[in-house]
Structures are given as structure tokens and as C-alpha cells.
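# Working through the structure, step by step
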Amino acid sequence: MNTFFCSDNSRIVGEDIIGSVANHQTYVLIECPTPWAAEAFDSRWVPENLRTLVKEVKRAKLPIKFLLIANNFSHKSDSTTLLIYQQQEGLINGFCKREYKLENIQQAAAVIKKFLWSRNSGGYELDANSTRDILVCTHGSHDKCCSRYGNPFHFHATNIVADLNLNNVRIWKSSHFGGHRFAPTCIDFPEGRYYGNLNQDLFKSIVTRSGDIKSLEKAYRGWGILPSSIQVVERELMLRYGWDWFNYKVAGRIIEQSADKKTIQAELIFEKPDGSKYNYRALLVKDETKTVELKSSCNATQKSVFIKYAVTSLWLTSTQFVTVTA
């Protein structure tokens, strides 16, 4: 019997989880009752037309992430929720949401196709709202840590949201979105921020944006609008500016990277709600003390190397303030 749990191992070695988030242009979330197969879109409730669409998108290598989602009522619902979160250009504070209420999951493929190819998806779209959708990976058939830690966390998160009367927050079970060695792990949409190694107190801080911001240092995996290697810069600024940071619009890029990828120069620009803009530059160096070699999942047969970066310098290069005239 395999008693190895990848998330336990990651915590034991003290892995720094920042920078473990992929950058996807679009997320397509389709409500589908559990249980899910190890490969989510091989699950019994997934229709063939949707399975085919997912394969076509993968073959074309489009920057689109398909996920199955469910809540405690999905198995008896008479409709199917479809959510599409898409990244925009320029300074942004998250993803733009489109939400659809379909009669059944068989309609999902046609609606998704229409949206991807023409940005028009027929008459199933609901009016835009400010709901937060928090996805907790519970995909135990893909990795047992997401069952062991994800399912209990989903239960507690659902209760916390209810107890706090957060009517604008929906908690979903989700199929695998990466990082099961950080279970329990979640994505917070529409921002697209990822968290891992979660507990109930950390989750309360995240949903209410209160408490000690430094408590997120070991739970923050990164922001999906930024390249993975420079997500550590955003964490530095988040810790510096506190909870106000979550109201800022941000853009970031790699300016220069050495051939051996040991050093990176990055730029991160942000805009405050008052319109003032700040431009930061950062020098990142491969952190040999934090770079780890370990198994990425419970079923991995070999270890993988996970390179970690340290922000060795971070400096403000320019500011642009808004002039208020009387």
C-alpha cells in the first residue's frame, strides 16, 4: 500500500509555494456532477461533444483551461452552470466573467464554441454580477491528497461562507488545476489568485480580506495573470501594501532572462483606484536554498526539480499621480 502523500512531503521539506501557478488566457468551468474519473473529461456525465472540444483545444495548444465544477446540489439540479473567465489586456485586477445557465451539460460544447470563435454565445447568458467563485480542488481520483485534504476543506469553506453571510461568494468543488502537493488548494475568481496549504483561519482572512496579511506568505501560490517566475515579485508588493493591494490593477512582464534562467529582470506596474500609477523593477535570482527536488504528485515515480526565485532587489522607477483640480 502506498502511504506517500505529496502534500505532506512538500510541507515537511518546507517548500515555498509561490510561483506555482500557470498563466491561462481563459478558464472554462462546466458544472458536472461527481464522481469524476482520474482524467476529468472521461467522466460518465461528460458528453462526447464536450470531450471532443476539449481535445481539439488541447491539440491546438490554445491558452484555455477546462475544469469541471460541482457543488452539493449539482447532482439534482435541473440546469447546468457554465462560467467563462477571460483575461484582458493592460492593467487588470482579474478576469472578466461570462455566466450561462444551460438546460443541461449537452449544450455546453456548442455555447463554448460560439464564445471562443465569435464572442457570442446565444441566449443562455445571465447578467453580469459581482459574485466570487472559489474553486477547491477535490479531485481525489486524480491525486489522493485532493480527496484527503480538499474534501474536508470544501466542507469547512462552505460553512464559513454561510456563517459569515457572504452571499456573493460561491464555493465549488473543482477538478484538477495543478498543485495537488499544496492541498488543500483553491482558486479565487474573478481575480484568479491561487492559494494552498489552507486552513480555516487563512480562508476567513482570504474571503474577508482582513487579519494579518503576512499570514498569506506561506499560503499564496501566485496570481494567474502573471508569468510564473515573477509571481514572487507580486507577493513582495502584496505584503508591502497590505490588503489595499487587492484593489489595484496590475500588469507584469519579464524584461530580460539569462540563458541559464538563473537571473531574471522583471517589471511590474500597478494602478491604484485613484488612478495613480507606480512602476517597479525587480531583479530575481535562482534561490538555491529554496529550490527543491521532490515528487510532484502522490503517484509520481520520479522526483522533479522546482526552481524557486528570490527577489534580490526591488525598486520604484517611476510614479504618475493624478492631479485633482478644483
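Residues numbered from 1 in each chain as written. Predicted model: local features only at pLDDT ≥ 70, side-chain atom pairs only at ≥ 80, totals over all residues. Heavy atoms only, no water.

## Here's the deal with unusual backbone geometry
Glycine aside, a negative phi is what most residues show, and trans is what most peptide bonds show. Across the junction of Thr34 and Pro35, the peptide omega takes the value 5 degrees, indicating a cis bond. Note the cis peptide between Phe189 and Pro190, where omega equals 15 degrees. Note on placement: Pro190 falls in the loop between β7 (186-189) and β8 (193-195). Phi is positive for Lys61, which is not a glycine, with a value near 55 degrees. Among the secondary structure elements, Lys61 is positioned in the loop between α2 (48-59) and β2 (64-70). In this structure, Lys261 takes a positive phi of about 60 degrees despite not being glycine. Within the secondary structure, Lys261 sits in the loop between β10 (249-257) and β11 (263-271). (Helix = DSSP H or I, 4+ residues; strand = E, 2+ residues; numbered from the N terminus.)

## A look at the layout of surface pockets
Roughly 370 Å³ of internal volume is contained in the largest pocket. Around the largest pocket, the lining is made up of 19 residues, and of these Glu39, Phe41, Val54, Lys58 and Phe66 lie nearest the centre. It is α2 that contributes the most residues to the lining of the largest pocket, five residues altogether. (1 Å grid on protein atoms, 1.4 Å probe; cavity = no way out; pocket = protein on both sides within 12 Å on 5 of 7 lines; lining within 4 Å. Points joined across faces, edges and corners; volume = space filled by probe spheres on them.)

## With respect to the pairing of strand β12 (residues 277-286)
Note: β11 against β12, nine bridges, orientation antiparallel. Bridged to Ala266 within β12 is Ala282. The antiparallel hairpin formed by β11 and β12 contains five residues in its connecting segment, where Gly275 sits at a positive phi of about 95 degrees. In this structure, β12 lies alongside strand β15 (residues 309-320), joined through ten bridges in antiparallel fashion. Each bridged residue has a counterpart across the sheet, and for Lys277 the counterpart in β15 is Gln320. (Pairing = 2+ DSSP bridges.)

## Overview of the nonpolar core
With 62 residues, the main nonpolar core has Tyr27, Leu29, Phe203, Leu216, Val233 and Trp245 as its most contacted residues. Ala40, Phe41, Leu53 and Ala108 belong to the second-largest nonpolar core, a separate cluster that totals 26 residues. (Core = buried A, V, L, I, M, F, W, Y, C linked by side-chain atoms within 4.5 Å. Buried < 20%, exposed > 50% of the residue type's maximum accessible area, 1.4 Å probe, protein only.)

## Focus on the environment of Ile254
Along the chain, the position of Ile254 falls in strand β10. Under the relative-accessibility criterion, Ile254 is labelled partly exposed at 32%. In this structure, Ile254 is in contact with Pro227, Ser229, Ile230, Ile264, Gln265 and Ala266, ignoring residues within four places of it in sequence. (Contact = heavy atoms within 4.5 Å.)

Functional significance is not addressed by these values, which are geometric in nature.
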